[in-house]
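# Results of the structural survey
Letter by letter, the chains look like this.
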Amino acid sequence: MFSALIMTPVSDPSSFSTVSKCATKHLNLIYHVDFDKRVLKGKVALTLEVLEDKFSSLVQFSSASAKLSLFLISLLRVPVYCHQSPFLISLQPHSMCTCEDLWVECRFLEILSFPGFLQSWFSIYEQTTLHLKLLYIFFVCLFFIYSNCFCLQQATHCRSMIPCQDSPSVKHTYYAQVSVPKELVALMSALHDGQVPDPSDSSRVIYRFRQPVPMPSYLIAIVVGAVESREIGPRSRVWSEKENVDEAAFEFSETETMLKTAESLAGPYVWGQYDLLVMPPSFPYGGMENPCLTFVTPTVLAGDKSLAGVIAHEISHSWTGNLVTNRNWEHFWLNEGHTVYIERMIARCMESEHLRQFKGIGGWKELQESVNQFGANNVLTNLVPNLHEVDTDEAFSSVPYEKGFALLYHLEELLGGPEVFMGFVKSYIQLFAYGTVTTEEWKNYLFTYFKDKVDILNKVDWNAWMHTPGMAPVKPKYDTTMADACTALCQRWVKAKEEDLASFTEEDVKKLNSPQLIEFMALLLQEEPLPLSHVKKMQEVYQLNSVKNAEVRFRWLRICVRAHWEEAVPLALKMATEQGRMKFTRPLFKEVYNFSKYSDKALNTFKENRGALHPVTAMLVAKDLKING
């Protein structure tokens, strides 16, 4: 649609695919899921457009499969020579011309031959609430270019499922047929296109899906499991295991309001259906923005809708990330920074500007934590990092989210306020819709849109924002109306002496809403550890051990372990292992590990539970705990 504008060649350091030679336009997928044998049989036919005249040497795809039979049928019906990962398709002695189409058919034989985390997909059912069979495959947020949701593992793991051009620069439609046992349900990041009995096996059913909107391979997702659904809006259902589905329907009942609010900000929702799937506890991210089917962590089921803001973020990705996509993962901030910006604009519209400002304050703290973790001079804290020879799983952090948002908020302040700058964001989305974009192209359009304010834009230190490690060069001046009460209560505890502890009562926290309680805890974590007597008093008056909200409980347990409250250690390790969200699991293990008396307990607990964690989570926790191998 905007190919002349958006397809400037940019190499992709995270992919083997030679995207400058040819581009996938459509995938036709056939899957056969066999839980008993732990086998995934499949076939994919790829329709590709030739982009290079006299194209005759090879087409390069990425694949993690060592057992692959490959067939190529082009207009010339030429022979194919297949190598392993990455594998090459030789068209010699024939050649093809620009705009000719290739049709590549790949049959992948068995999933057990696939390396790494792919094997774990067939053991995932052991990590569900009731040990039901559930296969979930996400090639998206498993790869936050930093290492994520998304992190950016999402970036390249699709190649573990499908031989493909696993670069976000390549967008394509797809059609899929999935054969599963008839007692199970199949879902994909696409529109449901009916189901029929499997003609080859009366105990199975074939689900059909179509995705008519071009999207990158990292957004292909498939789920097979014993799940049920409830309608939560005219274009939305929530899917979950039976025991959680009603709670999830209540928690996400405002989904349609969020969708309409997002449309008023960013333009029409083009994906048709917007469903939600509550994942097994081992799901490592807060959410994953698959088109038509958002994955969401069960840790947001707080019983009071207080954590439903996660959905606003994933909804926002329908425009920034899914509709307009970063060309490669070095420009990941274009996906996440804009998504956080729209997410907080939704909060502004549905709640208040004070809440948007308050969320910005919390985001700045998250950015500071990531910079502290990586080190202020680490290039992975650049807004636009160099990812050559970098494991994107290990690069994940809040930097693209919160440093990206800080830049956009700074520009908003310079250029006329939220209404004015949201006008630019909407125009940017309309211009680059269905395509991909780089930071330079985004910046060029920013200067074009605000052509009457170029003098202001020229004063921005773009190198400091984009290519310099550490914190953002300008700290936003947020309104502190909602934060002041949190800061005041935090300082009361920090400054309190033993004789002052009697002054604290349960009324202190009753005055705070859930976001403020989370912020109060976050502020305490930025201070020196509280004395054990203070922490015990806090539990006595606030009863924090009984709080269901995972964001509160996670921070509370860290505060307790830092204070060396030994009774909190088993509670912290329990939370670290009964769910697998990296945001919670990694810091909890690290806190216990840093409590020297319980370092071995942390190591042993991790080793005992490693198999129940998602492989990316397990890999990063092992690194945190200094475990080799």
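Residues numbered from 1 in each chain as written. Predicted model: local features only at pLDDT ≥ 70, side-chain atom pairs only at ≥ 80, totals over all residues. Heavy atoms only, no water.

Under the annotation held in an unreviewed UniProt entry, the protein carries the name Leukotriene A4 hydrolase and is attributed to Cyprinus carpio. A UniProt comment under Subcellular location (unreviewed entry) is attached to the protein, and it reads "Cytoplasm". Word for word, the UniProt comment on the protein under Sequence similarities (unreviewed entry) is "Belongs to the peptidase M1 family." (UniProt positions renumbered as here; feature names shortened; annotations may be inferred.)

### Observations concerning the overall build of the protein
From N to C terminus, the protein includes 21 helices and 21 strands. Buried positions account for 61% of the 629 residues belonging to the protein. For the protein, the computed accessible surface area is about 23,800 Å², with 52% contributed by carbon and sulfur atoms. (Helix = DSSP H or I, 4+ residues; strand = E, 2+ residues; numbered from the N terminus. Buried < 20%, exposed > 50% of the residue type's maximum accessible area, 1.4 Å probe, protein only. Areas by Shrake-Rupley, 256 points an atom, 1.4 Å probe, with all protein chains shown as cover.)

### Things to note about the packing of aromatic side chains
Inspection of the entire model under this criterion finds 30 aromatic pairs. Centre to centre, the rings of Phe332 and Tyr401 are 6.2 Å apart; their planes meet at 90 degrees, and the pair counts as edge-to-face. Pair noted here: Phe332 is in helix α6 (residues 332-350) and Tyr401 is in helix α8 (residues 399-415), with a separation of 69 residues, a long-range link. You'll find Phe332 and Tyr401 in the same group, each marked buried. (Phe/Tyr/Trp six-rings, centres within 6.5 Å; stacked < 30°, edge-to-face > 60°.)

### Considerations on the UniProt feature "active site" (unreviewed entry) in the protein
Those places that UniProt annotates as "active site" (unreviewed entry) correspond, in this numbering, to Glu314 and Tyr401. In terms of the greatest pairwise C-alpha distance, the residues named above, spread along 88 residues, form a tight cluster of at most 12.8 Å across. By secondary structure assignment, the location of Glu314 is in helix α5 (residues 309-316). By relative accessible area, which is 13% here, Tyr401 ends up buried.

### So, the packing of α6 against α8
Direction vectors running N to C along α6 and α8 enclose 65 degrees, while the axes themselves pass 7 Å from each other. With respect to the hand of their crossing, α6 and α8 are arranged in right-handed fashion. Contacts between α6 and α8 involve Phe332, Trp333, Glu336, Gly337, His338, Val340, Tyr341 and Arg344 from the former and Pro400, Tyr401, Glu402, Gly404, Phe405, Leu407, Leu408 and Glu412 from the latter. Classifying every residue of the contact of α6 with α8 gives nine nonpolar, three polar and four charged. (Axes fitted to C-alpha atoms, helices over the stretch in contact; angles between N-to-C directions. Left-handed = near helix turned anticlockwise from the far one by under 90°. Contact = heavy atoms within 4.5 Å. Nonpolar A, V, L, I, M, F, W, Y, C, P; charged D, E, K, R; others polar.)

### As for the state of the cysteines
Applying the stated criterion across every chain yields a total of zero disulfides. Left unpaired, Cys486 is separated from the closest cysteine sulfur, that of Cys490, by 9.3 Å. (Disulfide = S-S within 2.5 Å.)

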